[in-house]
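Here is what each chain is made of, one letter per residue.
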Amino acid sequence: MERIRAFIMLYRTPLACLLLLLLSGVLGGLVLSICPAVCSCSRGHRVVDCSSRHLSQLPPGLQHNIRFLNLSQNSLRGLEGQLSHYAHLRTLDLSYNLLGRFPSGLPRALWDIRAAGNQLRALDKNDTAYHWNLRVLDLSANELERVVFINNTLPSLHALNLSHNRFWTVPTNMPHNLEMVDLSHNYLVQILLGSLDRLPRLKRFYLHANRFSWVPEGVFDRLEGLELLTLGDNPWACEEEENITRLLLWAEHTRAAVLGCPCYTRPTCGQAHLATPGGEWHFASYTEPPLGADARELGRGGLPPARAAVATSGYLAKSALLEPGMHGDRGVANGSGDQTLFVFTSTRSHGLSTRTSTTGRPHSATKKPNTGSTRSRGHGLHTQIVCSAVSLNLLVTVTAFKAS
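The structure reproduced in this document is the subject of the present report. None of these values were measured; they are calculated from a predicted model. The numbers attached to residues start from 1 for each chain and follow its sequence in the written order. Only residues with pLDDT of at least 70 are given local features in this predicted model, and only at 80 or more are side-chain atom pairs given and counted; all residues enter the totals for whole chains, interfaces and linings. By convention in this description, side-chain values take in all heavy atoms of the structure and omit both hydrogens and water.

1. Focus: the pattern of salt bridges
In plain terms, the rule: Salt bridges are defined as contacts in which a side-chain nitrogen from Lys or Arg sits within 4 Å of a carboxyl oxygen from Asp or Glu. In this description a helix means any DSSP run of H or I spanning at least four residues, a strand means any run of E spanning at least two, and both kinds are numbered starting from the N terminus. For the exposure calls, accessible area comes from a 1.4 Å probe over protein chains only, and a residue counts as buried if that area is under 20% of its type's maximum, exposed if over 50%, partly exposed in between.
Applying the stated criterion to the full structure yields seven salt bridges. Where Glu80 meets Arg101, a salt bridge forms, and the shortest distance between an N and an O atom there is 3.8 Å. Here Arg101 lies in the loop between strand 4 (91-93) and strand 5 (112-114) and Glu80 lies in the loop between strand 3 (68-70) and strand 4, a separation of 21 residues in the sequence. Note on Glu80: relative accessible area 35%, which makes it partly exposed. Asp112 serves as the salt-bridge partner of Arg114, at 3.1 Å between the closest nitrogen and oxygen. Classification of Asp112 by relative accessible area gives buried; the value is 0%. One continuous salt-bridge network, built from bridges that share partners, spans Glu80, Arg101 and Asp127.

2. Digging into the state of the cysteines
Our working rule: Here, a disulfide means two cysteine sulfur atoms that sit within 2.5 Å of each other.
Applying the stated criterion across every chain, the model contains four disulfides. There is a disulfide in this structure between Cys238 and Cys263, and the S-S distance comes to 1.9 Å. Looking along the S-S bond of the Cys238-Cys263 disulfide, the torsion reads about -95°, which is the left-handed sense. Residue Cys238 is located in the loop between strand 12 (228-230) and helix 3 (241-253), and its partner Cys263 is located in the loop between strand 13 (257-259) and strand 14 (268-270); the two are separated by 25 residues in the primary sequence. Here Cys261 pairs with Cys269 through a disulfide, and the sulfurs are 2.3 Å apart. Because the torsion about its S-S bond is 100°, the bridge between Cys261 and Cys269 counts as right-handed. Residue class for Cys269 comes out buried when judged on its relative accessible area of 0%.

3. Quick look at the sheet that holds strand 9 (residues 159-161)
What counts, and what does not: Only when DSSP finds a minimum of two bridges between them are two strands counted as paired. Between N-to-C directions, angles span 0 to 180 degrees; the directions come from axes that are lines fitted to C-alpha atoms, helices contributing only their stretch in contact. Residues count as neighbours in contact if any of their non-hydrogen atoms are within 4.5 Å of one another.
Pairing within the open sheet is mixed, and its 12 strands lie in the order 1-2-3-4-5-7-9-10-11-12-13-14. Each edge of the sheet is formed by a strand with only one pairing partner; in this case those strands are strand 1 (40-42) and strand 14. Strand after strand, the sheet turns through a mean of 5° between neighbouring axes, direction not considered. One ladder, built from three bridges, connects strand 13 with strand 14; its direction is antiparallel. Paired with Val258 across the two strands is Cys269, which belongs to strand 14. Running over the sheet, helix 3 touches strand 12, strand 13 and strand 14 and is turned about 80° from strand 14.

4. Some details on the side chain of Glu143
Among the secondary structure elements, Glu143 is positioned in the loop between strand 7 (136-138) and strand 8 (146-147). Glu143 sits in the buried class, given a relative accessible area of 15%.

5. Thoughts on the nonpolar core
Worth spelling out the cut-off: Take the buried residues of types Ala, Val, Leu, Ile, Met, Phe, Trp, Tyr and Cys, join any two whose side-chain atoms come within 4.5 Å, and each joined set is a nonpolar core.
Ranked by size, the top nonpolar core spans 65 residues in total, and within it Leu69, Leu71, Val170, Leu196, Phe205, Leu207 and Phe220 carry the most contacts. The leading source of residues in this core is helix 3, at five residues. Among all residues touching Leu207, those that are not within four sequence positions of it are Val170, Leu183, Leu188, Ile191, Phe212, Phe220, Leu229, Thr230, Leu231 and Asn234.

6. With respect to the packing of aromatic side chains
The condition that has to hold: Ring pairs shown here join Phe, Tyr and Trp side chains whose ring centres sit within 6.5 Å, with only the six-membered ring taken for Trp; geometry is labelled stacked below 30 degrees between planes, edge-to-face above 60, and tilted in between. Two conditions define a charge located above a ring, namely a distance within 6 Å from the ring centre to NZ of Lys or CZ of Arg, and an angle within 35 degrees of the ring normal.
The tally for this structure, following the rule as stated, stands at four aromatic pairs. A ring pair is formed by Phe212 and Trp236, whose centres lie 6.1 Å apart and whose planes are at 10°; its orientation type is stacked. Here the residue Phe212 occupies a position in the loop between strand 11 (204-206) and strand 12, and Trp236 occupies one in the loop between strand 12 and helix 3, the gap between them amounting to 24 residues. The class of Phe212 is buried, set by a relative accessible area of 1%. Of the residues examined, Trp236 reaches a relative accessible area of 10% and is grouped as buried. Positioned above the aromatic ring of Trp111 is the side chain of Arg90, whose terminal nitrogen or guanidinium carbon lies 5.2 Å from the ring centre. When the ring centre of Tyr130 is taken as origin, the NZ or CZ atom of Arg108, which lies over that ring, is 4.6 Å away.

See the structure below:
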């Protein structure tokens, strides 16, 4: 009986609580926190960076509740069904691998999918049919010749990057809530009349660096939310006055800013020209990398690594793909009042990074009362509660460790 009392008294001491807490942290880290050896992890191992690790397959040991996964700059050829059980995954970067087709069985909770710089040739209707939560889709710098979207799918998609591919016709049935579409640096020669009518929220439409000589009359008329349209670096048939005059009249009177006004010596028309008289625009001012650089060469030996990193990071910093508010809960507040913002990039020199900003807390102006002996009793009770909680946590952890 005396031994039991002595053990209980030792159990209540602060030193014993500290030892239990340390032991619980060590064992808990072994059981509950797992990070693949070839990757780097942060934020409780839920933010995982496996970029540029010469991987040819998915690394083992990923936690089931990861939220951010960077697999860019590797040699992955296929991930069919391998990521389906990561139900908490929000951002996935597969850029600059060797994927020949869009991976099947990706988690339906994804917000952001980046698969730039692969070998994708087509996007079938079933590849994205069930991604109701997807907000950003980057398929730039591939070999895409066609994409097929089903009506009323991808209802949350706001940004679609299809630049630096092999399209001849602007895709039809694009998701109706899109706000940014990048189709620059393709081989586009036509836009089917009526194919853009279902995009009332489209704000930015990049069509520069293609092969347009003319477009049908009224093809842009239903784009009621359009703010920016780029038409430069296209071989417009300026000698065909009947066709080109209608386009020029629309470009002059539209409320949108039209950069690269067809057949005009000045590079802008529309709202941008009226709002900034005498202002000089150059294609470089809106052709952000990889929109302005040859993204096909990024990550494939065509550009030096340093230049590729600068081009890609410069684009991501200003792109619609990283607009504030697009990823609703990227800011994660911790118990101390700090807020961490996750920034996801797919450059050669940058992986997942975090930026922490601390919000100051106002100090109370109320004078603290003298608690006297009450504070001692409260401190003892608090210590006992903490010890009990730590012991329970330790018991659960050890049990889980034995079970594994």
